[in-house]
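Structure assessment
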Amino acid sequence: MNIEGLPLKVKTGEYINKLFDANICDVAVFFIVYNKTNNSIVYKGISRPNGLPRQRSSIHAEELAIRYCYKYDIRNRYIIYIWKWNRSGKIKSKFCCERCTLLINKFNYKDKIFTIDKGNIISAISNNPLKSLSYFI
Ligand SMILES: [Zn+2]
């Protein structure tokens, strides 16, 4: 399978394709925290429901990333990328939900969070963020 990578310069050995898992693609959001001054990935991970779909307790990718940045981005160099993969390894865009958008604004990362759409890097903040699905359950 050809897993689509991010359109970013990254140092050797920091490929993110290892995060790919076809079994969780329907629900998982992937993220990296990227140091733009030296093109390195400093943190990466996956957000997925915790097996309790009726509870609002799953932590979104943006939250995981922003927590990391808040703690470690002392020099203000980090940016965040979030995305989804479909089962055949193609990247799909992922926009922040309403709750994450508030969080991102609070920490001043509005201009530092991106997603990938058709190979292009675009803002992950939309004008009309959706309420998190789990809010409705
Ligand atoms: Zn969210």
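You'll find the structure just up there.
Residues numbered from 1 in each chain as written. Predicted model: local features only at pLDDT ≥ 70, side-chain atom pairs only at ≥ 80, totals over all residues.

**What to know about unusual backbone geometry**
The backbone of Asn 76 shows a phi angle near 65 degrees, a positive value even though the residue is not glycine. The topology assignment puts Asn 76 in the loop between helix H1 (61-72) and strand E3 (78-85). We classify Asn 76 as exposed; it has 9 C-beta atoms within 10 Å. One non-glycine residue, Asn 108, lies in the positive phi region at around 65 degrees. With respect to the element layout, Asn 108 can be found in the loop between helix H2 (98-106) and strand E5 (113-117). Assessed through the 10 C-beta atoms surrounding it within 10 Å, Asn 108 is described here as exposed. (Helix = DSSP H or I, 4+ residues; strand = E, 2+ residues; numbered from the N terminus. Buried ≥ 20, exposed ≤ 12 C-beta atoms within 10 Å, placed from the backbone.)

**Thoughts on the pairing of E3**
Counting buried positions along E3 gives 6 out of 8 residues, so the element sits mostly inside the fold. Pairing analysis gives 6 bridges linking strand E1 (residues 29-35) to E3, with the strands arranged antiparallel. Bridge pairing in E3 links Ile 32 to Tyr 81. Inspection of the sheet shows E3 paired to E5 by 2 bridges, in the parallel sense. (Pairing = 2+ DSSP bridges.)

**Quick notes on the pairing of E5**
Of all 5 residues that make up E5, 4 are buried, and the element is covered over most of its length. Relative to strand E6 (residues 120-123), E5 is paired through 4 bridges, and the arrangement is antiparallel. Its bridge partner being in E6, Asp 117 is matched across the sheet by Asn 120. Taking the residues that link successive antiparallel strands as the turn, the E5-E6 hairpin has 2 residues, and the phi of Lys 118 there is positive, at about 50 degrees.

**Quick look at the nonpolar core**
Core analysis: the largest hydrophobic core is formed by 29 residues, its most contacted members being Phe 31, Ala 65, Ile 80, Tyr 81, Ile 82 and Ile 113. Looking at this core, the elements that each hand over two or more residues are E1, H1, E3, H2 and E5. Ile 82 has contacts with Val 29, Phe 31, Ala 61, Glu 62, Lys 94, Ile 113, Thr 115 and Ala 124, leaving out every residue within four places of it along the chain. (Core = buried A, V, L, I, M, F, W, Y, C linked by C-beta atoms within 7 Å. Contact = placed C-beta atoms within 7 Å.)

**Concerning H2**
When H2 is considered as a whole, its buried residues turn out to be Cys 100, Thr 101 and Ile 104. Projected onto a plane normal to the axis of H2, the buried residues spread over an arc of 105 degrees and lie on a single side. Those residues of H2 that are exposed and aimed more than 90 degrees away from the buried face are Leu 102, Asn 105 and Lys 106. (Arc of directions from axis to C-beta.)

Read these as geometric descriptors, not functional statements.
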